[in-house]
Structures are given as structure tokens and as C-alpha cells.
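Listed here are the chains, written in short residue letters.
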Number of protein chains: 2
Amino acid sequence: MNSRRASPPPAGKSPAASASPWRARRRDREVKREAVIRAAARAFNRKGYHNTSLDDIAAALEVSKPTVYYYVTNKEHLLFQCFLAGVEPIRAAFREVQDQQAPARERLNAVLRHYGEAVASEFGWCMVRAEDQDLSPAMSRHIKTLKSEIDQGIRRLIRDGVQDGSIEPCDPKMTAFALAGALNWIAHWYREDQSLTGAEIAAVFVTIFEGGLRPRSASQVATRAPLRRRARISR
Amino acid sequence: MNSRRASPPPAGKSPAASASPWRARRRDREVKREAVIRAAARAFNRKGYHNTSLDDIAAALEVSKPTVYYYVTNKEHLLFQCFLAGVEPIRAAFREVQDQQAPARERLNAVLRHYGEAVASEFGWCMVRAEDQDLSPAMSRHIKTLKSEIDQGIRRLIRDGVQDGSIEPCDPKMTAFALAGALNWIAHWYREDQSLTGAEIAAVFVTIFEGGLRPRSASQVATRAPLRRRARISR
């Protein structure tokens, strides 16, 4: 996944990334900017946006506040950058599947897996909440545009799937809302110490979306046999 | 539905309810208390919790602020009451299906329909957001307990459905998160001027959850025929 993302910090767990890059050998500006954004996302998750100061973020990175200001304009700008870092893997997934010949349901599933993984990443909370009064009108518009692009992309893949026969006929708008809602909500319950990774949760969700609750004819015969698990889940 | 709910104001659209009951003939305390809670929910939806004052709510009801204080202690208490009013139809649905003999998937669907309708009601936003730092620790704990009861109730119905063969074997915890997430997210996109009612949206969502994206063997043959809609949806 990392190969697809040049600029924004990659979503997902990377424990080493929490170490201050001012101590690391590779001291280029981009790595430091990414570290600032990642530290901000973690602080927003932990303390909430309003309760986090640039001082907190500087302290987490073991640098001075002016150093943080060298990379970002203000806290609002940081929230915006966290949002961009979160949605970039989803946008990259759309680009990746665009020219693939696979049935649309498979292409949709690939996007949804990246989507779920992104929401379960440290940027998930910012992705899901960075829209309201915390942002300038210009940033808010930008975010709405990107969210709308993602929504329209999902609807298009659903329409294509109904067309190519890989997706059960359905209402693309409502179906896109249901899928995105289930995935967005991951940000409300997922914690990094969860036993499943973001990728594993995303895979389980895609299985649920695909199969539906009503038993398929083949499995219906076996429904009273001992449960077979679709994925190993601890509770 | 109204017959099931005695105390909290019923979720769902009822345009007449916005008229001040101080002018109505039936002037009992309960009706007025419900009107205060409903007016608060509408104000929180429109202006956000932090930007709404008890003055705004009093003005919407055309009464004085002391009159509002006669029914509720403070704004925090109002948010809490809005949450309770929102979840009550879901709790009532659980009670209603408890002793039914129908397959568990049908009982689950009945609960999910009430759930979706509640989130699309004027209390939806309060239900979904009333948990964080806006509430006292005691209220917050109470809300967490009620949310957990609903979550556990959904998981139990899923387990029962896998057991009685009406639900495809799945992970109950992850499936409950996916279903509730999709429904909770309705509060983020649904507006009262939407062309579909809350009940219609809930019904479409239940159809999506039940069927899944992957075509069923019977419909697979016909997937390239002109689309048949599961529900009439305007876009």
C-alpha cells in the first residue's frame, strides 16, 4: 500500500513512526511534516480536537512549538491535513481499480477494504468528524468535495456492478450510504489496541456486505451444524 | 408505534407537534415536557448543541425561560432526555419481539426498522452524539449502558438467527457493529426534507442487510435485464 502514497503519511499502524524523526537519520522536511500530522491525529484521537494544543503536539514530538509552526499554519490546518492523509488511500484505491477488468463488485470490494482500513487508522476520527464548525469555509468546502467524490465513486461502482451482473439490483445511493456508514462508524468503536487490525476488520465487513444476513441456498442446509467462522475474531 | 411509548415523545415526523402546546387544549405537564424535549432536539439539530441556549428553546415554544426550567434542570439534562426519547422506540422493539416465535432474522429486522426510524427522527443526532464531554459522568455512564444493551440485544438476535438457521453464520459482534454503524450514520446525512421518510429508509436498509451485494442464484440470471427497484427512491 505504501508504494501508492507519496505525500501524505500512510494510514495504518506503524509503531516506529511515533519516534521523533528529528532524531532519525533521514531528516528531510517531508518526513518531519508527516510526523507532525501523525502526532496531531493521535493527540486529537486521545484528547479531542478542542482539548489539544499545538504545545501538546510539540511535546509529543519533543520539539518546540515554533518548529511545529514551520510545518503547519495552525491547528485547523492540521485537522485538514489529517483528513487529507486519511482519505488519500481511498482515492488511490479508486485510481487503482479504474482500469481493471475485474467485475465491478470486486473493484468495489477493493475500494471498501482500503476505506475500512483508513477509517481504522489513526486518521479515522479526523476523516469522520473534520467537516463541521472547526474548519474554515474553504477547507470545509474542500472536504465536502472530496467526500462527495468518494460517495459518487462508490455509487458508480455499484451501478457498474448491477450492470455487469456482479451486484444484486439495488438503489446505488442508499446502498452507498449503508456501506459508507458502516465503515465510517468504525472510527467510533475501533481502538488501536483492538485484537483485529484495520485490514482484518475491513475484510470482515466486506464479507458481511457481500453475503447479507439471509442464508445462501447452499449454506442454508448446514445452518444448524456447528458454526463455522468467517474470520477469527476475539470478543 | 405510539401506543408503545408512554413517557418519552415519539420519534418520527409529526409537524403538528412543533406548535406550542401551551396554546393547546390538553395542557397537562407531560405533553409540555415532551414539547420542550422535542424543541430542544430540533434546536440542537439546527444550530448544534453548543450554539443552542435555553433562550432559543423557550423562544421556539413561545414561553419564558423559567417555564422551560420548570420541566428540565439544564441544557445537559435536555440532551440526555433527547437521547432517552430517541432510544426508547428501539428498546420497546426489543421488548415487543422478545416473546415472538418468528425466526430471529425477522425479529432482528423488526428491531432494525425501529432503529433506523429512530435515527432518522429529530432525536437521531442526539442519540448518535450524546456521549462525549457534554454530559456529566453519571449521564454518560447511563447512556453507555443503554447503548451497550442495544448492542448486546442485536448480537443476541444475530446469534439466535445463526442458531435457528435464519441468518448466515457470521461473527455476531462485527455484524452488529456493521448494521448499527450503517443505521447510526443516517443521522449524518438525513434531513427532514428528504423525499423518503425514516421508515422508508429503514426498510431499504434492512433489504440491503438481508440480501447482500452478491447476487442470489435466482436473480443472477436476470441481472442484465432492466433494473428492478427494491424501493422507489428519488435522487
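Treat the numbers as computed from the prediction; the structure is a model and nothing was measured.

### Here we look at the overall build of chain A
- What chain A contains, in helices and strands, is 11 helices and 0 strands.
- Within chain A, buried positions represent 42% of all 235 residues.
- Residue pairs in contact within chain A that sit at least 24 positions apart in sequence constitute 70% of those at least 6 positions apart.

### Looking at the nonpolar core
- Of all hydrophobic cores here, the largest spans 129 residues; its most connected members are C82 of chain A together with C82 of chain B.
- When near neighbours in sequence (up to four residues on either side) are disregarded, C82 of chain A contacts I37, A40, A41, F44, F123, C126 and A130 of chain A.

### What about unusual backbone geometry?
- Notably, E62 of chain A is not glycine yet its phi reads approximately 60 degrees, a positive angle.
- Among the residues examined, E62 of chain A registers 11 C-beta atoms within 10 Å and is labelled exposed.

### Some thoughts on the confidence of the model for chain A
Residues and elements named next belong to chain A.
- Taken over all residues, the pLDDT of chain A has a mean of 84, while the share at 70 or more is 79%.
- Within chain A, the element-level pLDDT minimum falls on helix α11 (residues 217-220), averaging 53, and the maximum on helix α5 (residues 104-119), averaging 98.
- Residue range residues 10-17 is modelled with pLDDT below 50. Its contacts to residues more than four positions away, or to other chains, number 15 contacts.

### Points about the domain arrangement of chain A
All names here are of chain A.
- One can read the domain layout of chain A as domain 1 (2-75) and domain 2 (76-204).
- On the side of domain 2, 24 residues touch domain 1, which itself brings 19 residues to the contact.
- Per-class residue counts for the side of domain 1 that touches domain 2 are 9 nonpolar, 4 polar and 6 charged.

### Structural notes on the packing of helix α7 (residues 137-164) of chain A against helix α8 (residues 172-184) of chain A
All names here are of chain A.
- Look at α7 against α8: their axes get within 9 Å of each other, and the N-to-C directions meet at 120 degrees. Comparing the axis directions of α7 and α8 gives the class oblique. When you trace α7 past α8, the crossing you get is right-handed. Along the contact surface, α7 presents D151, I154, R155, I158 and R159, while α8 presents P172, K173, T175, A176, L179 and A180.

### Observations regarding the packing of helix α5 (residues 104-119) of chain B against helix α8 (residues 172-184) of chain B
All names here are of chain B.
- Between α5 and α8, the shortest axis-to-axis distance is 9 Å and the interhelical angle comes to 30 degrees. Note on element contacts: α8 touches α5 through L179, L183 and N184, opposite L112, Y115, G116 and V119.
- Of the residues that constitute the contact of α5 with α8, the class distribution is 5 nonpolar, 2 polar and no charged.

### Looking at helix α4 (residues 75-98) of chain B
- With 24 residues, α4 of chain B should reach 34 Å at 1.5 Å per residue; the first-to-last C-alpha distance of 35 Å fits that figure.
- Along α4 of chain B, the sharpest kink reaches roughly 35 degrees, centred on V87 of chain B and followed within four residues by the proline P89 of chain B.

### Brief notes about the environment of A60 of chain A
Residues and elements named next belong to chain A.
- Note that A60 resides in helix α2 (residues 54-61).
- Along the chain, A60 and C82 lie 22 residues apart, while their C-alpha atoms are 16 Å from each other.
- Dropping the residues within four chain positions of it, A60 is found in contact with A39 and A43.

### Some points on helix α1 (residues 29-47) of chain A
Residues and elements named next belong to chain A.
- Given a rise of 1.5 Å per residue, 19 residues ought to cover 27 Å, and the 27 Å separating the end C-alpha atoms of α1 matches this to within 8%.
- Three or more residues of α1 are buried, namely K32, A35, V36, I37, R38, A39, A40, A41, R42, A43 and F44.
- Elements that come into contact with the buried residues of α1 comprise α2, α3 (65-69), α4 (75-98) and α6 (124-129).
- G48, located one to two residues past α1, shows a positive phi value of around 85 degrees.

Rules and cut-offs
- Residues numbered from 1 in each chain as written.
- Chains lettered and ligands numbered in written order.
- Predicted model: local features only at pLDDT ≥ 70, side-chain atom pairs only at ≥ 80, totals over all residues.
- Helix = DSSP H or I, 4+ residues; strand = E, 2+ residues; numbered from the N terminus.
- Buried ≥ 20, exposed ≤ 12 C-beta atoms within 10 Å, placed from the backbone.
- Contact = placed C-beta atoms within 7 Å.
- Core = buried A, V, L, I, M, F, W, Y, C linked by C-beta atoms within 7 Å.
- pLDDT = per-residue confidence, 0-100.
- Domains from an automatic or database assignment.
- Nonpolar A, V, L, I, M, F, W, Y, C, P; charged D, E, K, R; others polar.
- Axes fitted to C-alpha atoms, helices over the stretch in contact; angles between N-to-C directions.
- Parallel < 35°, antiparallel > 145°, perpendicular 65-115°, else oblique.
- Left-handed = near helix turned anticlockwise from the far one by under 90°.
- Expected span 1.5 Å × (residues − 1).
- Bend = angle between axes of the 7 residues up to and from the residue.

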